[in-house]
Amino acid sequence: MLKINSAKRSLWRPKKQINKDNLLPWLKDADIFFEQCTQCGDCLSACPTQIIVKGDGGYPKIDFNLGECEFCSKCADICTQPLFLDTRLPAWSKKAQISESCLANKNIYCRSCSDSCEAQALTFQLGISALPTINLDLCNGCGGCVAPCPTQAIIIKE
Ligand code: SF4
Ligand code: SF4
Ligand code: SF4
């Protein structure tokens, strides 16, 4: 099979702006990732929640619409390239953010996000239409609240 060195691979990097919100956990640096990831797909197969998909140019990325990150580190462990930090460190600094499309803004009762948050980072004040509040100290950016939200109101961002 044709071998492509990292310098040439970096020339093939997707030209549009990098969306850092979709990058894998524990990555050292986005530039190192796009230069040295071989797009082998091993991390896709290793991920127990199957949230890693092929993104632009074949590079792996996270899709929280498919599930949450369990911080199992299997994606980092299986990778043979020097892309990842020590997985005993925090995986990333992403946190959940809630947009205007939350049903509470229409006075519709919904607790799907808080029901799905194992970290108990999402809470509601008393009152049916109260907006969810995110405790940023508790939120670890796992993305578990994204798919259950019926209005796609939640994104996970740096
Ligand atoms: S840490 Fe585990 S659950 Fe999270 S993306 Fe990597 S393999 Fe998937
Ligand atoms: S799941 Fe979505 S719509 Fe429901 S309360 Fe949470 S953010 Fe709002
Ligand atoms: S990203 Fe995870 S920890 Fe943060 S609010 Fe959503 S479910 Fe809870």
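Structure: see above.
Residues numbered from 1 in each chain as written. Chains lettered and ligands numbered in written order. Predicted model: local features only at pLDDT ≥ 70, side-chain atom pairs only at ≥ 80, totals over all residues. Heavy atoms only, no water.

Draft legend 1. Geometry of the site of ligand 1. Around ligand 1, the surrounding shell holds 13 residues, and the nearest of these are C47, C69, E70, C72 and C75. For the shell around ligand 1, the residue count by class is ten nonpolar, two polar and one charged. (Near = heavy atom within 4 Å. Nonpolar A, V, L, I, M, F, W, Y, C, P; charged D, E, K, R; others polar.)

Draft legend 2. Structural view of the packing of aromatic side chains. For the structure on display, the rule yields six aromatic pairs. Their ring planes at 65 degrees and their centres at 4.9 Å tell us that F33 and F34 sit as a pair that is edge-to-face. With 4.7 Å between their ring centres and 75 degrees between their planes, F34 and Y59 make a pair best called edge-to-face. One end of the pair, F34, is in helix α2 (residues 30-36); the other, Y59, is in the loop between β1 (52-54) and β2 (60-62), with 25 residues separating them in the sequence. Relative accessible area serves as the criterion here: at 2%, Y59 is assigned to the buried category. The positively charged end of R111 is found above the aromatic ring belonging to F124, 4.0 Å away from the centroid. (Phe/Tyr/Trp six-rings, centres within 6.5 Å; stacked < 30°, edge-to-face > 60°. Helix = DSSP H or I, 4+ residues; strand = E, 2+ residues; numbered from the N terminus. Buried < 20%, exposed > 50% of the residue type's maximum accessible area, 1.4 Å probe, protein only. Lys NZ or Arg CZ within 6 Å of the ring centre and 35° of its normal.)

Draft legend 3. Region of interest: the nonpolar core. With 37 residues, the main nonpolar core has F33, I52 and I154 as its most contacted residues. Secondary-structure elements contributing two or more residues to this core are α2, α4 (74-78), β4 (122-124) and β6 (154-157). Here this core gets three residues from one element, more than from any other, and that element is α2. In this structure, this core is formed jointly by two domains, domain 1 (19-91) and domain 2 (95-157), each of which donates at least three residues. Not counting residues up to four positions away in its chain, the partners in contact with F33 are L23, L27, Y59, P60 and L83. (Core = buried A, V, L, I, M, F, W, Y, C linked by side-chain atoms within 4.5 Å. Domains from an automatic or database assignment. Contact = heavy atoms within 4.5 Å.)

Draft legend 4. Broad picture of unusual backbone geometry. If you check the backbone angles, Q50 has positive phi at about 55 degrees while not being a glycine. In this structure, Q50 sits in the loop between α3 (42-46) and β1. Phi at Q152 is positive, roughly 50 degrees, even though this residue is not glycine. Structurally, Q152 can be placed in the loop between β5 (132-134) and β6.

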